[in-house]
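Listed here are the chains, written in short residue letters.
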Amino acid sequence: TEPITSFEKYTCEGSYFRALVPSTWTRSDRNAPYADMTRVAGVKFEGPPNSEGVPASIALYWYSGERSFTTSDSYINARLGSMVREDAERGRATVDAHVAGRKATGFKMKTFELVMLPHDRLDPGKDDSPLVYERVAPSRKVIMDDHYIVLPASKGFFVLHYRVPEMIAEAYRPIFDKVIASFEPLVP
């Protein structure tokens, strides 16, 4: 069943864009991807976590098009080359899209999130044992669906990103669709 949520208007700092966003979702304090490499404005919202503790998220960003990411293609290539990508064999599959009356590029990929599990101290073995033990915190890999829409602007580009655990991806899709439908660039 589709999660019911209410929406509120969000205007990006710097007034680069506005959109409706889920009002009950939490605003993330994490920096945008590549914010250390170029100027970025916008926000990421996280929904309620799934049974494994991983939330759906919707991020809306404006990238300035300066320094490392001068074009939307440079951003798309960096994302598709992500180290946490699970379906790299799909290559660089993109689709043409239209958002807010502009041509856009959409792409999907599967990534993963590691969820740390509670654990007891493991027996590291006897001192006279020839075995060498590696201590690694137990974790579970959660497969994530990532959906991106990248829109050009006269200066820079916009990124709309939906990331959700694979098992609940379709349930939250209408929320992302509503955000996309309401997206309004304020930069030509």
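Residues numbered from 1 in each chain as written. Predicted model: local features only at pLDDT ≥ 70, side-chain atom pairs only at ≥ 80, totals over all residues. Heavy atoms only, no water.

> Tell me about the pattern of salt bridges, and please be specific about residues and values.
Inspection of every chain in the model, using the stated rule, returns 12 salt bridges. As a salt-bridge pair, Lys44 and Glu46 come within 3.8 Å of each other at their nearest N and O atoms. On the basis of relative accessible area, Lys44 is assigned to the buried category, the value being 15%. Note on Glu46: relative accessible area 23%, which makes it partly exposed. When the shortest N-O distance is used, the salt bridge between Arg173 and Asp177 registers 3.3 Å. Taken as a pair, Arg173 and Asp177 lie in helix α2 (residues 169-182) at a separation of 4 residues, close to a single helical turn. What you see here is one network of salt bridges that share partners, running through Arg39, Glu66 and Lys155. (Salt bridge = Lys/Arg side-chain N within 4 Å of Asp/Glu carboxyl O. Buried < 20%, exposed > 50% of the residue type's maximum accessible area, 1.4 Å probe, protein only. Helix = DSSP H or I, 4+ residues; strand = E, 2+ residues; numbered from the N terminus.)

> Tell me about the sheet that holds strand β10 (residues 184-185), and please be specific about residues and values.
Taken together, the 3 strands give an open sheet; going across it, the order is β1-β2-β10, and neighbouring strands pair in antiparallel fashion. Every other strand in the sheet has two partners, leaving β1 (7-11) and β10 as the edge strands with one partner each. Judged from the 2 bridges that link them, strand β2 (residues 17-22) and β10 form a sheet pairing that is antiparallel. By the bridge assignment, Phe17 is partnered in β10 with Pro185. Against the sheet, α2 engages β1, β2 and β10, with an angle of about 160° to β2. (Pairing = 2+ DSSP bridges. Contact = heavy atoms within 4.5 Å. Axes fitted to C-alpha atoms, helices over the stretch in contact; angles between N-to-C directions.)

> So what's going on with the nonpolar core? Which residues, and what values?
Ranked by size, the top nonpolar core spans 31 residues in total, and within it Phe17, Phe158 and Leu160 carry the most contacts. At the level of elements, β2, β4 (40-49), β5 (55-63), β8 (139-152), β9 (157-165) and α2 are the ones that each hand at least two residues to this core. Broken down by element, the residue count for this core peaks at 6 residues, all from α2. (Core = buried A, V, L, I, M, F, W, Y, C linked by side-chain atoms within 4.5 Å.)

> So what about the packing of aromatic side chains? Which residues, and what values?
According to the stated counting rule, one finds 17 aromatic pairs in the structure shown. Judged by centre distance (5.8 Å) and plane angle (85°), the rings of Tyr10 and Phe45 are edge-to-face. Linking Tyr10 in strand β1 with Phe45 in strand β4, this pair joins segments that are 35 residues apart in sequence. For Tyr10, a relative accessible area of 8% gives the class buried. In this structure Phe45 comes out as buried when scored by relative accessible area, which is 5%. With a centroid separation of 5.3 Å and an interplanar angle of 5°, the aromatic rings of Tyr63 and Phe157 are classed as stacked. Taken as a pair, Tyr63 in strand β5 and Phe157 in strand β9 lie far apart in primary sequence, 94 residues in all. Phe157 carries the same exposure label as Tyr63, and that label is buried. (Phe/Tyr/Trp six-rings, centres within 6.5 Å; stacked < 30°, edge-to-face > 60°.)

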